[in-house]
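# Understanding the architecture of this molecule
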Amino acid sequence: MQMYDYLIVGAGLFGSVFAHEAKKRHKTCLVIDKRPHLGGNVYCENVDGINVHKYGAHIFHTNDKAIWDYVNQFATFNNYVNSPLAISKGKLYNLPFNMNTFHALWNVKTPAEAKQIIDDQVKKYGYKNPKNLEEQALSLVGKDIYETLIKEYTEKQWGRKAVELPAFIIKRLPIRYTFDNNYFNDIYQGIPIGGYNKIVEGLLNGIDTLTNTNFLDHKEELSAKAKKIVFTGPIDAYFNYKYGALEYRSLRFEHEHLNETNFQGNAVVNYSDLEVPFTRIIEHKHFEFGKQNHTVITREYPEQWTHEKEAYYPINNKENQSRYQKYRDLAAHEPDVIFGGRLAEYKYYDMHQIIASALKKAEKEFHHTMSS
């Protein structure tokens, strides 16, 4: 039986970056994933020439030049800029909240007019010490923006009333007094031409991989294949839910192929109203400026999470955080296991953050192994 230096559980960005760094240092790796494909949540499926983001929209953005240069080794990025739209009560609004949004809401034309309305509403409806998400939002942006674009969308997303959600979910809400619909403020932004699979294939080039392989079902047998394990799955599952399950929100995706050139004119359109069961529609071709005479759209439905469903958004309330801390303490006593990534760290990460985290853990690991 071949012995590897590292068994990497999970072929998402964290596992793939770690494997790539290990290989550069002449370490051997076996990367396994329970899904039938590599790439984790950034996996794209080519449907009639359109790269469909199978697990929700992934838009790469970062201010870190080193991370940008790192991903550009494996793919060329286009100049896609994320400028989502929101539909509320039949009316279209630009996101993030900017002068275009305020013009649509109040017909204002200058930053001073918009600022005056927001300041007046914050003064009237805001709270000194917001106790929940509703109070927090009212204290940041006032009543109109909150009721039109935040309240129902957020309740739908989290499956709870805004007054039942903790205030920390929205520490800040960016307000821009410019006519700028660019959602991200980052210097670097785009979509890899040819899809994210190119990056994952580049990272895992020359590395042994196994799909349709669930580590937790064959823990002893698979662990015996390597000196060390890099675990990117759910930390609570690794420890057999000893302290109970960490909670998440899940998503369900409904993909549809349409025989029309252009369904909504934008990659991302949010549906704010509670009566619409999905939170947004993604039209994938717009990520890569596709000219096909057909299109693929995806409706995104937030769902209650169960063990059978994918875990997307950690519910980082006090109870879950203290439970996670107990699992972290257990993890500290596993010297031959490196825990990393969204599920192992019970943390919502953007792609650039997950790559930075994997590089940091790899650097620490290989610096340690070289010096010991």
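Above this text you will find the structure in question.
Residues numbered from 1 in each chain as written. Predicted model: local features only at pLDDT ≥ 70, side-chain atom pairs only at ≥ 80, totals over all residues. Heavy atoms only, no water.

### Here's the deal with the overall build of the protein
- Regarding its fold elements, the protein presents 11 helices and 16 strands.
- Scaling as 2.2 N^0.38, a compact globule of 372 residues should have a C-alpha radius of gyration of about 21 Å, and the protein matches this with 22 Å.
- C-alpha extents for the protein along the principal axes are approximately 70 × 50 × 35 Å.
- Counting the 372 residues in the protein, one finds 53% classified as buried. (Helix = DSSP H or I, 4+ residues; strand = E, 2+ residues; numbered from the N terminus. Rg over C-alpha atoms; globule rule 2.2 N^0.38 Å. Buried < 20%, exposed > 50% of the residue type's maximum accessible area, 1.4 Å probe, protein only.)

### Comments concerning the sheet that holds strand 14 (residues 295-304)
- Taken in spatial order, the 7 strands of this open sheet run 7-6-12-13-14-11-15, and their pairing is mixed. Strands at the two margins of the open sheet, each flanked by one partner only, are strand 7 (91-94) and strand 15 (313-314).
- Pairing analysis gives 4 bridges linking strand 6 (residues 85-88) to strand 7, with the strands arranged antiparallel. Note that in strand 7 the partner of Ala86 across the bridge is Tyr93. (Pairing = 2+ DSSP bridges.)

### As for the packing of helix 5 (residues 133-141) against helix 6 (residues 143-158)
- Interaxial distance between helix 5 and helix 6 falls to 9 Å at its minimum, and their mutual angle equals 145°. The element helix 5 and its partner helix 6 pack so that their crossing is right-handed. Here helix 5 contributes Leu133, Glu134, Ala137, Leu138 and Val141 to the contact with helix 6, which in turn contributes Lys143, Ile145, Tyr146, Ile150, Lys151 and Thr154.
- For the contact of helix 5 with helix 6, the class distribution of residues is 7 nonpolar, 1 polar and 3 charged. (Axes fitted to C-alpha atoms, helices over the stretch in contact; angles between N-to-C directions. Left-handed = near helix turned anticlockwise from the far one by under 90°. Contact = heavy atoms within 4.5 Å. Nonpolar A, V, L, I, M, F, W, Y, C, P; charged D, E, K, R; others polar.)

### A short note on the sheet that holds strand 10 (residues 226-231)
- Read across the sheet, 5 strands follow the order 9-2-1-10-16 without closing on themselves; strand pairing throughout is parallel. Unpaired on one side and paired on the other, strand 9 (208-210) and strand 16 (337-339) mark the two borders of the sheet. With direction set aside, neighbouring strand axes in the sheet form an average angle of 20°.
- Helix-sheet contacts for helix 1 (residues 13-24) involve strand 1 (4-9), strand 2 (29-32), strand 10 and strand 16, and the interaxial angle to strand 1 is about 165°.

### Side note on the pairing of strand 14
- For strand 14, the tally of buried residues reaches 8 of 10 residues, placing the bulk of the element in the interior.
- Two elements, strand 11 (residues 248-258) and strand 14, share 10 bridges in a ladder whose sense is antiparallel. Of the residues in strand 14, the one forming a bridge with Phe253 is Glu300.
- Where strand 13 (residues 280-283) lies against strand 14, 4 bridges are found, and the strand directions are antiparallel. When the bridges of strand 14 are listed, Ile281 appears paired with Arg299.

### Digging into the packing of aromatic side chains
- Here the structure, examined in full by the defined rule, presents 30 aromatic pairs.
- Taking the centre distance of 5.4 Å and the plane angle of 90° together, the rings of Tyr183 and Phe184 count as edge-to-face.
- An aromatic cluster of three or more residues is present, and its members are Phe215, Phe231, Tyr238, Phe239, Tyr243, Tyr327 and Phe339.
- Directly above the aromatic system of Tyr301 lies the positively charged group of Arg252, at a separation of 4.1 Å from the ring centroid.
- Just above the ring of Phe278 sits the side chain of Arg299; from NZ or CZ to the centre is 5.8 Å. (Phe/Tyr/Trp six-rings, centres within 6.5 Å; stacked < 30°, edge-to-face > 60°. Lys NZ or Arg CZ within 6 Å of the ring centre and 35° of its normal.)

### Regarding the nonpolar core
- In terms of nonpolar packing, the biggest core is built from 52 residues, with Leu7, Phe102, Ile145, Phe215 and Phe339 touching the most fellow members.
- When residues no more than four places from it in sequence are discounted, the contact partners of Phe102 are Phe97, Asn107, Val108, Ala114, Ile118, Ile145, Ile175, Arg176 and Tyr177.
- Phe18, Phe77, Ile207 and Ile338 belong to the second-largest nonpolar core, a separate cluster that totals 46 residues. (Core = buried A, V, L, I, M, F, W, Y, C linked by side-chain atoms within 4.5 Å.)

### Observations concerning the environment of Thr211
- Note on placement: Thr211 falls in the loop between strand 9 and helix 8 (219-223).
- Residues Thr211 and Phe239, 28 residues apart in the sequence, show an inter-C-alpha distance of 22 Å.
- Excluding its chain neighbours within four sequence positions, the residues that come into contact with Thr211 are Asp33, Arg35, Pro36, His37 and Leu38.

### Quick notes on the packing of helix 3 (residues 99-106) against helix 6
- For the pair helix 3 and helix 6, the least separation of the axes is 11 Å and the interaxial angle reads 100°. Comparing the axis directions of helix 3 and helix 6 gives the class roughly perpendicular. Listed contacts from helix 6 to Thr101, Phe102, Leu105 and Trp106 of helix 3 are Asp144, Ile145, Thr148 and Leu149.
- Taken together, the residues that form the contact of helix 3 with helix 6 break down as 5 nonpolar, 2 polar and 1 charged. (Parallel < 35°, antiparallel > 145°, perpendicular 65-115°, else oblique.)

### Regarding unusual backbone geometry
- In this chain, Leu95 is followed by Pro96 through a cis amide linkage whose omega measures -5°.
- Secondary-structure assignment places Pro96 in the loop between strand 7 and helix 3.
- The phi torsion at Lys89 lies on the positive side, around 50°, for a residue other than glycine.
- Its place among the elements puts Lys89 in the loop between strand 6 and strand 7.

### Brief notes about helix 3
- Counting buried positions along helix 3 yields 6 of 8 residues, so the element is predominantly enclosed.
- If you check which residues of helix 3 are buried, you get Met99, Thr101, Phe102, Ala104, Leu105 and Trp106.
- Turning to helix 3, the residues buried within the fold contact strand 7, helix 4 (111-125) and helix 6.
- The residue sitting at the N-terminus of helix 3 and contributing the capping side-chain oxygen is Asn98; that oxygen lies 2.6 Å from the backbone nitrogen of Asn100.
- One or two residues past the end of helix 3 sits Asn107, with phi positive at roughly 60°. (Polar contact = N/O pair within 3.5 Å; in protein donor to acceptor, adjacent residues only side chain to side chain.)

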